[in-house]
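Residue-level structure breakdown
Below are the chains, spelled out letter by letter.
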Amino acid sequence: MRLLSDESTQSTLSSDSCEYYQTEIFDQLPSIQASRPEQSTQGLCDVHQGGPEPGESISHGHLSRGAKDKESTQPLKNMVMCIQGKRTARERRKMQISNIGFWESWRRSQSITRKRVWVQMGGALSSLLPWRHTLHAIEGKFGVGVKAYFVFLRYLVFLNLLNCALTSGFILGPTMFYGRRNGSEHLFGGNDSVLDFFLGTGYLDRSPVFIGFYTRGSLDLPCLNTPLLYLAGILTMILLSLIMVVRRTIVGYKHTWMLGKRYSANMSYKIFCGWDFTIQDPASATLKHSFIRNDLKLFLEEQNFSMREAQRTLGQRVRLYLLRFILNLIVLSLLGGAFSLIYFATKKSQSMTENNWLVRLVLQYLPPMSITFVNLILPHIFRKISSFEDYSFTTQVNATLVRSIFLKLASLGMYLFFIFTTEKHQKHQCMENRFGREMYKLCIFNFLATFCNAFLLNYPRKLVQEKFPTSLLARVLGKQRFLIPFNVLDLVYSQTVSWVGVYYCPLLPLIGTVTLIATFYIQKFVVMRCCVAEQRMFRASSSSVLFHFMLLLGLLMAAVTLGFSFHLQNIEPDITMSSCGPFQNGKTVFIVTKVCVESLPSPAPATLSYLSSEAFALPLILAEIIILTSYVSRGRANQKAIERLKDMLVMSSSDKRFLVKQHATMLRGRNKNRTKVHSAAVVEDNWQDPPSTH
């Protein structure tokens, strides 16, 4: 939008003088003055090198054909301009349609229609997402950080639903349709009890929950049988989960990189342009107020920390680094003690001889209780330690996340290692079912811990603060806040347990879906009823990337565990031979897949043998190098183009300031001339008029 003054609209300059003046001003623009040395240097380089490469230079006055086409097909509501500018753009498009041919006009109209349809479809699909209004309410009251936790939880629900669909299609469906070899076995027996639900024994041991239920049925072809379908379902589940998690991590990282330290949001834009004038509901207006307030609090917090960090002296930096080193040593010692506790709890649980049901239940759940106790206490200690390291609040959250996720994944890895090393020398009726029961107990106990923490700790604490606000206990407990790192770690830990145990407990994704949905409503009750808003805000974009990166670590841990199990079956078939499930009677994963490969037509076995040999590794590495080189080259070229566009934006603002200054100078000169002419006319009139006589 242009603001025209009265002097500028009543200019008496002719068109020729305006054209000459504009040409003279154009030569004096800062962008033109700055580009002349570059043009002269590039001209010399072009003389020596044979001219510039096509597409290398970026013109300041002309747009490429692709940019023009993109502008002509871009929806008007997405263009950053005023209403009058959009009307002008619409009239310009109508004139272009009248000048271009029929097919070009039809192509542009179809492109605009397709974009409009995609936008409407995206809006319709986003409206179908569950818990949208709940997430908006949480964001308005507690900020984007708490909302990021619930969005992450919803993403895990969708991921587990996908895993449930794969389990039904590859594993559960064929087994139910084609039957089992031991189909006469009854599900419920006379010695079953309610305790079996928590231990995974009894009727659950004979149910489709564990791997021992899935045996060969009437579907027994060389390349189409229950073992291969079971293996294909598990591998497809892990591969699709890997693709989805990696994609979400990369997209989040690109967003974080674009909005990193190189991006500085303008405070005037946040204050004057952050309001949505289409809001009419008072509740929505209150939420929008909260959004803007939380964003400003976060920005001021980051600016305050940056100022304090820049004012540190050399001595303060040395003392700070020494303190951080000592605190990291304390963290390592705490991790070592946690691993020792898990080891002794696992040994005690494996060597139980008690007959009392209560003692047996406690000993069975002793490793999960130890892991949960360690994961409950140590992250709070890590949080206190990070507060002494003098990081920004976002960095404190991320440091606590990294240490705590290492604790959780390492404790789970140590527990799995102890199970593998202690049980492979013990003969059980079905060792795979026993391993699946351990993962099942971890999943159930983790949900029970979440439930008890919400209704036996958080809610009574809130009642004490409401009923007795001045009591000593209420002052000692203080106000309760939703600790995002610890709750995210619980989600990552539960999802990692689900991935690790899905091979031995195929219905674990279904159990995980039910527990995650229940966890959403439990945590919603805790946040809305028991917690108050955090006084210090943190940037949720970088932490969201860290959430998915930790989830990726859990998935890699599950893949390593599955590969290690297959490796034990290959090198120690006598010790790790399966006595139940689809791979029983000496038919391991490698034997079943080898029989399928040998039954294929003649070119297929040779091709698969070459793809799995060392000879294929060299061309694969070369192809990866070529692809990575091309992506790195494109990234560097894009980075160079981005830097040049940034310089163009800076010079554009300089041109605007220069033109405003020249316009003001011209107006002052014209006003001075008018004042002189007016003074001369007054003096002349006074000199010509004779004095009056009486």
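No experiment lies behind these values; they were computed from the predicted model shown.

1. Focus: the overall build of the protein
Scanning the protein from N- to C-terminus turns up 24 helices and 0 strands. Burial analysis of the protein (694 residues in total) assigns 34% to the buried set. A sequence separation of at least 24 residues applies to 77% of the contacts in the protein between residues at least 6 apart.

2. Quick word on the pattern of salt bridges
Oppositely charged side chains are able to pair whenever their charged atoms sit close together. For the structure on display, the rule yields 7 salt bridges. Residue R308 pairs with D390 through a salt bridge whose shortest N-O separation is 3.6 Å. Of the two residues, R308 sits in helix α12 (residues 282-310) while D390 sits in the loop between α15 (366-387) and α16 (393-423), which places them 82 residues apart along the sequence. Take R308: its relative accessible area is 39%, and that puts it in the partly exposed class. Between D490 and K408 there is a salt bridge, and its shortest N-O distance comes to 3.2 Å. Taken together, the residues D490 in helix α19 (residues 484-501) and K408 in helix α16 connect sequence positions 82 residues apart. Among the residues examined, D490 registers a relative accessible area of 26% and is labelled partly exposed. By relative accessible area, which is 2% here, K408 ends up buried. Because the salt bridges share partners, they merge into one network encompassing R308, R312 and D390.

3. Description of the packing of α19 against helix α20 (residues 508-530)
Where α19 meets α20, the axes come as close as 10 Å, and the angle between the chain directions of the two elements is 170°. Here α19 lies roughly antiparallel to α20, going by the angle between them. Taking contact as the criterion, the partners of N487, L491, S494, Q495, V497, S498 and G501 in α19 are, on α20, L508, P509, L516 and Q523. A class-by-class count of the residues in the contact of α19 with α20 yields 5 nonpolar, 6 polar and no charged.

4. Side note on helix α8 (residues 144-178)
In this model α8 runs 50 Å from its N-terminal to its C-terminal C-alpha over 35 residues, within 8% of the 51 Å that 1.5 Å per residue would give. Within α8, the axis deviates most sharply at S168, by approximately 45°.

Parameters and conventions
- Residues numbered from 1 in each chain as written.
- Predicted model: local features only at pLDDT ≥ 70, side-chain atom pairs only at ≥ 80, totals over all residues.
- Heavy atoms only, no water.
- Helix = DSSP H or I, 4+ residues; strand = E, 2+ residues; numbered from the N terminus.
- Buried < 20%, exposed > 50% of the residue type's maximum accessible area, 1.4 Å probe, protein only.
- Contact = heavy atoms within 4.5 Å.
- Salt bridge = Lys/Arg side-chain N within 4 Å of Asp/Glu carboxyl O.
- Axes fitted to C-alpha atoms, helices over the stretch in contact; angles between N-to-C directions.
- Parallel < 35°, antiparallel > 145°, perpendicular 65-115°, else oblique.
- Nonpolar A, V, L, I, M, F, W, Y, C, P; charged D, E, K, R; others polar.
- Expected span 1.5 Å × (residues − 1).
- Bend = angle between axes of the 7 residues up to and from the residue.

As far as function goes, none of this settles anything; it's purely spatial.
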